[in-house]
Amino acid sequence: MAYNFKQEMNKPERLAGGHRLCAGCGAGIAVRGVLRALKPEDKAVICSATGCLEVSTCLYPYTAWNDSFIHSAFENSAATVSGSEAAYIALKKKGKVKENYKFIAFGGDGGTYDIGFQSLSGAMERGHDMVYVCYDNGAYMNTGIQRSSGTPKYAETTTSAVGKCSPGKKQIRKDLTEVIASHHIPYVAQTTFIGNFKDLHEKAEKALYTPGAAFLNILAPCPRGWRYNAEDMMTITKLAVETCYWPLYEVIDGEYKLSYRPKVKQPIENFLKPQGRFKHLFKKGNEELIAEIQADVDKRWEELLKLCGEEV
């Protein structure tokens, strides 16, 4: 679809400025990017579980949200939105609601990969006409930078400390995009902030306007947890894509489609080195740990290329 991106980017903001998210935080940019894909005439019911996004955008009696907003518990944002969508359908059938609404849940990886996974899986399996958006910052950032199942292997967090007996998180990161794709829902996509935000915008629009359940996984860096300079966020996300740590792709009715293939695949150390959470990997004697991460990235990338029908 052809877009007038200048026009799209100048739509009125549905998430107001002045919220308390950190400078260089990816969550607010992810939310603004998704909501910008809504048609101006459509309204939205938005739910966010407890987390950085919720505590920073909805401090009673103030809110940064210009649409209806629900704060849910950590574990049930998907259930809250699916219930709201079911109520909307019933009310519309009775003629009590005339306007068109879209239903969106936002959650970090802690409230999505882990604590909220049961309600997310249930909502996707039931096929509610809703979008679940995970802003993946790779840890429980709001409660003190504890590891989640979305934390990369060997990253340092407050619960996967680095020292003589530990090289950081010992477990491989869960691939939640693939887990949700196995639910056989109409639309699943993985994206982040790169270039002119075209990939994020197009995928958000598809997710919002594809009938049925949809899931977006957006890499949303955290300057506090990843320990990078706030102004370097776009560089970090670009390196995540160019190293194939975070491939851009979508799954439409079960069909895999690669959104971007780097002309020259960069080594994973280019993504790791700017982040303080990985600085221990660059000490002498830890070369095999970087090699292990590289091997995992290569393996997952080759598997994805095959799923997308691309030449390896």
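Computed from a predicted structure; not experimentally measured.

Describing the overall build of the chain
Thinking step 1. Broken down by element type, the chain carries twelve helices and ten strands.
Thinking step 2. For the chain, the C-alpha radius of gyration of 19 Å lies close to 20 Å, the compact-globule estimate for 312 residues.
Thinking step 3. By the burial criterion, 53% of the 312 residues in the chain qualify as buried.
Thinking step 4. The contacts of the chain with a sequence gap of at least 6 include a subset with a gap of at least 24, amounting to 70%.
Thinking step 5. The average position of the 40 basic charges and that of the 36 acidic charges among the side chains of the chain differ by 4 Å.

Some thoughts on the packing of aromatic side chains
Thinking step 1. For the structure shown, the criterion picks out eleven aromatic pairs.
Thinking step 2. Between Y88 and Y101 the ring centres are 5.7 Å apart and the planes differ by 65°, which places this aromatic pair in the edge-to-face class. With Y88 in helix α4 (residues 77-93) and Y101 in strand β3 (residues 101-108), this pair connects stretches of sequence that are 13 residues apart.
Thinking step 3. Accessibility expressed as a relative area gives 14% for Y88, which makes it buried.
Thinking step 4. Taken together, the aromatic side chains of W226, Y228, Y245 and F271 make up a single cluster linked through ring pairs.

Re the environment of V162
Thinking step 1. Looking at the secondary structure, you find V162 in strand β5 (residues 162-163).
Thinking step 2. Given a relative accessible area of 31%, V162 falls into the partly exposed group.
Thinking step 3. Put simply, V162 and E311 are 149 residues apart on the chain and 39 Å apart in space, counted from C-alpha to C-alpha.
Thinking step 4. Once you skip the residues sitting within four places of it in the chain, V162 turns out to touch E156, P167, G168 and H280.

A word on the pattern of salt bridges
Side-chain pairs of opposite charge can arise whenever the charged atoms involved come near each other.
Thinking step 1. Summed over the entire model, instances satisfying the criterion amount to 13 salt bridges.
Thinking step 2. Note that E292 is salt-bridged to K153, the shortest N-O span being 2.3 Å. Of the two residues, E292 sits in helix α12 (residues 287-307) while K153 sits in the loop between β4 (131-136) and β5, which places them 139 residues apart along the sequence.
Thinking step 3. By relative accessible area, E292 is classed as partly exposed at 33%.
Thinking step 4. Across the pair D199 and K203 runs a salt bridge whose closest N-O atoms are separated by 3.0 Å. Residue D199 and its partner K203 are both found in helix α8 (residues 198-209); the two are separated by four residues, about one turn of the helix.
Thinking step 5. Salt bridges sharing partners connect three or more residues here, namely E13, R32 and R36.

Comments concerning the nonpolar core
Taken as a class, soluble globular proteins show a tendency for nonpolar side chains to be buried jointly.
Thinking step 1. Membership of the largest hydrophobic core comes to 91 residues, with the highest contact counts inside it found for F106, M124 and F215.
Thinking step 2. Look past the residues within four positions of M124 in its chain and what remains in contact with it is M130, Y132, I180, H183, I185, A213, A214 and F215.

Side note on the sheet that holds β3
Thinking step 1. With mixed pairing, the eight strands of this open sheet are ordered in space as β2-β1-β3-β4-β8-β7-β9-β10. Each having just a single partner strand, β2 (68-72) and β10 (255-258) make up the two edges of the open sheet. Taking each pair of neighbouring strands and ignoring which way they run, the sheet shows an average axis angle of 15°.
Thinking step 2. In this structure, strand β1 (residues 43-49) lies alongside β3, joined through six bridges in parallel fashion. Looking across to β3, one finds that C47 is bridged to A105.
Thinking step 3. Set on the sheet, helix α2 (residues 26-35) makes contact with β1, β3, β4 and β8 (214-219); between it and β3 the angle comes to about 165°.

Focus on unusual backbone geometry
Thinking step 1. The peptide bond linking Y60 to P61 adopts the cis configuration, its omega dihedral lying at 10°.
Thinking step 2. Structurally, P61 can be placed in the loop between α3 (52-57) and β2.
Thinking step 3. Of note, the phi angle at I145 is positive, near 65°, even though the residue is not glycine.
Thinking step 4. For I145, the position within the fold is in the loop between β4 and β5.

Comments concerning the pairing of strand β9 (residues 249-252)
Thinking step 1. Two strands pair when backbone bridges link them, and strand β7 (residues 187-191) and β9 are joined in this way by four bridges, in the antiparallel orientation. Bridge pairing in β9 links Q190 to Y249.
Thinking step 2. One ladder, built from four bridges, connects β9 with β10; its direction is antiparallel. Bridging from a neighbouring strand, Y249 pairs with L258 of β10.
Thinking step 3. Connecting β9 to the next strand, β10, in antiparallel fashion are two residues, including D253 with a positive phi near 50°.

Let's talk about the packing of α2 against α8
When two helices pack together, their arrangement is given by the angle between the helix axes and the distance between those axes.
Thinking step 1. Two numbers describe how α2 lies on α8: the axes approach to 8 Å, and their chain directions differ by 60°. Accordingly, the angle class assigned to the pair α2 and α8 is oblique. Of the two elements, α2 crosses α8, and the hand of that crossing is right-handed. Across from I29, G33 and V34 in α2, the residues of α8 making contact are L200, A204 and L208.

Criteria and cut-off values
Residues numbered from 1 in each chain as written. Predicted model: local features only at pLDDT ≥ 70, side-chain atom pairs only at ≥ 80, totals over all residues. Heavy atoms only, no water. Helix = DSSP H or I, 4+ residues; strand = E, 2+ residues; numbered from the N terminus. Rg over C-alpha atoms; globule rule 2.2 N^0.38 Å. Buried < 20%, exposed > 50% of the residue type's maximum accessible area, 1.4 Å probe, protein only. Contact = heavy atoms within 4.5 Å. Lys, Arg positive; Asp, Glu negative; His and termini not counted. Charge placed at Lys NZ, Arg CZ, Asp CG, Glu CD. Phe/Tyr/Trp six-rings, centres within 6.5 Å; stacked < 30°, edge-to-face > 60°. Salt bridge = Lys/Arg side-chain N within 4 Å of Asp/Glu carboxyl O. Core = buried A, V, L, I, M, F, W, Y, C linked by side-chain atoms within 4.5 Å. Pairing = 2+ DSSP bridges. Axes fitted to C-alpha atoms, helices over the stretch in contact; angles between N-to-C directions. Parallel < 35°, antiparallel > 145°, perpendicular 65-115°, else oblique. Left-handed = near helix turned anticlockwise from the far one by under 90°.

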